Amino acid sequence: MKNNQTPKARQSGLVVQNTSNELLVYDLDAEKAMCLNETTATVWQACNGQNSIKDISREFEELEAKNSEQIVWIAIDQLARHGLLEDAVQSELSSENRREVLKKIGFASAVAVPVIASLVAPSSVLASASCACAAPGDCLTQPSCPASTCNGSGQCAP
Amino acid sequence: MSHQLKDIEGGRDKIVCFESYGVRVGISSNYPDFLQRVADELDDIFPTDIAPIDNSNIERRIEITRKEDGFIEFMIDGEEVSGSYSEENVFRFLLSRIRLTVAEYATSRVFVHAGVVIWKGKALVFPGNSFSGKTSLVKAFIDLGASYFSDEYAIFDENGLVHPYPKTLSIRGIVDDFTQVEHTAEELGAVTETEPHPAGMFYFGQYEENAAFEPKPLSVGETVLKTVSFTLPIRVAPAFSLDVLQKAATNVIRCESKRGEAEITAPLLIEHFEKHSN
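To start, this report covers the structure provided alongside it. (Residues numbered from 1 in each chain as written. Chains lettered and ligands numbered in written order. Predicted model: local features only at pLDDT ≥ 70, side-chain atom pairs only at ≥ 80, totals over all residues. Heavy atoms only, no water.)

### A word on the overall build of chain B
Per the secondary structure count, chain B includes 6 helices and 17 strands. Its C-alpha atoms give chain B a radius of gyration of 20 Å, within 12% of the compact-globule value 19 Å for 278 residues. Structurally, chain B occupies a C-alpha span of about 65 × 40 × 30 Å along its principal axes. Looking at the 278 residues of chain B, the share that counts as buried comes to 53%. Taking the intrachain contacts of chain B between residues at least 6 apart in sequence as the baseline, contacts between residues at least 24 apart amount to 65%. Carbon and sulfur atoms form 45% of the exposed surface of chain B, whose accessible area is close to 12200 Å². Computed over 27 positive and 44 negative side-chain charges, the inter-centroid distance for chain B is 4 Å. (Helix = DSSP H or I, 4+ residues; strand = E, 2+ residues; numbered from the N terminus. Rg over C-alpha atoms; globule rule 2.2 N^0.38 Å. Buried < 20%, exposed > 50% of the residue type's maximum accessible area, 1.4 Å probe, protein only. Contact = heavy atoms within 4.5 Å. Areas by Shrake-Rupley, 256 points an atom, 1.4 Å probe, with all protein chains shown as cover. Lys, Arg positive; Asp, Glu negative; His and termini not counted. Charge placed at Lys NZ, Arg CZ, Asp CG, Glu CD.)

Written out as structure tokens, the structure reads:
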């Protein structure tokens, strides 16, 4: 029954950048950058609101990947967790199942384990790791001080 | 080039205006001596791209106010940033924020906090925070004959080429672990490159005492994602930033590894670069 669900990839509020075999996605609402590996990118791009999980898993059957449906479920779980699907999807996998499946994929599959790496984009001040402190001790009260210890001239100490 | 203070019509405050990397900035103050000191530093803050402009169509406004009791505070675009009774502290911090403001809003460039040297015609880029050892690594490369490009920013254009930001190198460890002493690249025996170069390597490495250099290759996507942490305009211009970083990180050596002393790591990085580049 759950395999009849037709997940839809979120379209709005995202910046998407293709690399050779990965997708870079920037969530404008969450200010979060993500890197989808090839497996996850393939699943996400197949989530058009019409393809069922079974339909999507055929992409991997063509690659003779074992456990193709489970691979898709792992990817769908991750996509949902990172806010990359329009609607909630009822997961097929319990956490125990997920661990088992990940083991199986890792050892026996021609397809890479689905992975989404992510990080919250820093503000410009944090990106340069300078703080907003103009005097020693300011870092304790300045919310923009990333380290809470600085040398009092706008440079954070380790 | 000297940056002249101008009167603000209908008031006693002065203003100095400049354009750098496409960003039009106006800095005004009721404390002209302090403002002149800031104006005198502008060419050093932006060594490759700065020009005085008139005070029309200013995009980013910085206001410095000296209160009657001597407290100096400044605001950027109407938001209070910081203040202090120490003129020196405000001065140094203000310069850092002027630099950040341009780096964040530059329209045609992506500023990444990184050290950069040129080795055999390619830019070797080491993204990292302050205190991550960028300058030590840059200096170690210079000692091996690399040309100097930047110890502060890698500036990428729309094609992914790296442009220089040849400010003086800020070297810590001479006075104490925090105080930076400025040296020109020439004082350290290096040549400063001034033309844009294609990237040849992205290396991410945090110093750890006695750490072995064991480079792990990174994909383009992983490299861009790691670089995002040090990319100043990522929130203001995410699409442009990702596009530029992806171009810059394609067809280059990409790796990460903990590292020990810079003098030990630099030759290993060169060996790694030369072994894996075409």
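### What about the packing of helix α1 (residues 38-46) of chain A against helix α2 (residues 53-61) of chain A?
Residues and elements named next belong to chain A. Between α1 and α2, the least distance of the axes is 10 Å, while the angle of their chain directions is 140°. Of the possible angle classes, the one that applies to α1 and α2 is oblique. Pair α1 / α2 crosses with right-handed handedness. Contact with α1, carried on its side by Thr-39, Thr-42, Val-43 and Ala-46, involves Ile-56, Glu-59 and Phe-60 of α2 and no other residues of that element. Of the residues in the contact of α1 with α2, the class split is 4 nonpolar, 2 polar and 1 charged. (Axes fitted to C-alpha atoms, helices over the stretch in contact; angles between N-to-C directions. Parallel < 35°, antiparallel > 145°, perpendicular 65-115°, else oblique. Left-handed = near helix turned anticlockwise from the far one by under 90°. Nonpolar A, V, L, I, M, F, W, Y, C, P; charged D, E, K, R; others polar.)

### Structural notes on the nonpolar core
All names here are of chain B. Counting residues in hydrophobic clusters, the biggest one holds 36 residues, and the most contacted among them are Phe-18, Ile-27, Phe-74 and Ile-98. When contributions to this core are tallied by element, the ones reaching two or more residues are β2 (14-20), β3 (23-29), α1 (32-45), β5 (60-66), β6 (72-76), α2 (87-105) and β11 (153-156). Broken down by element, the residue count for this core peaks at 9 residues, all from α2. Counting the residues that make up this core, at least three belong to each of domain 1 (6-105) and domain 2 (110-276). (Core = buried A, V, L, I, M, F, W, Y, C linked by side-chain atoms within 4.5 Å. Domains from an automatic or database assignment.)

### Brief notes about the pairing of strand β1 (residues 14-18) of chain A
The side chains of a regular strand alternate between both faces of the sheet. All names here are of chain A. Here 5 bridges tie β1 to strand β2 (residues 23-27), and the two strands are oriented antiparallel to one another. Within β2, the position partnered with Val-16 by the bridge is Val-25. Between β1 and β2, which pair antiparallel and follow one another directly, the connecting turn spans 4 residues. (Pairing = 2+ DSSP bridges.)

### Topic: the environment of Ser-108 of chain B
Residue and element names in this part refer to chain B. Within the fold, Ser-108 resides in the loop between α2 and β8 (110-119). Separated by 87 residues in sequence, Ser-108 and Tyr-21 place their C-alpha atoms 7.0 Å apart. Setting aside chain neighbours within four positions, we find Ser-108 in contact with Phe-156, Asp-157, Glu-158 and Phe-240.

Remember that the coordinates give geometry; whether it matters functionally is a separate question.
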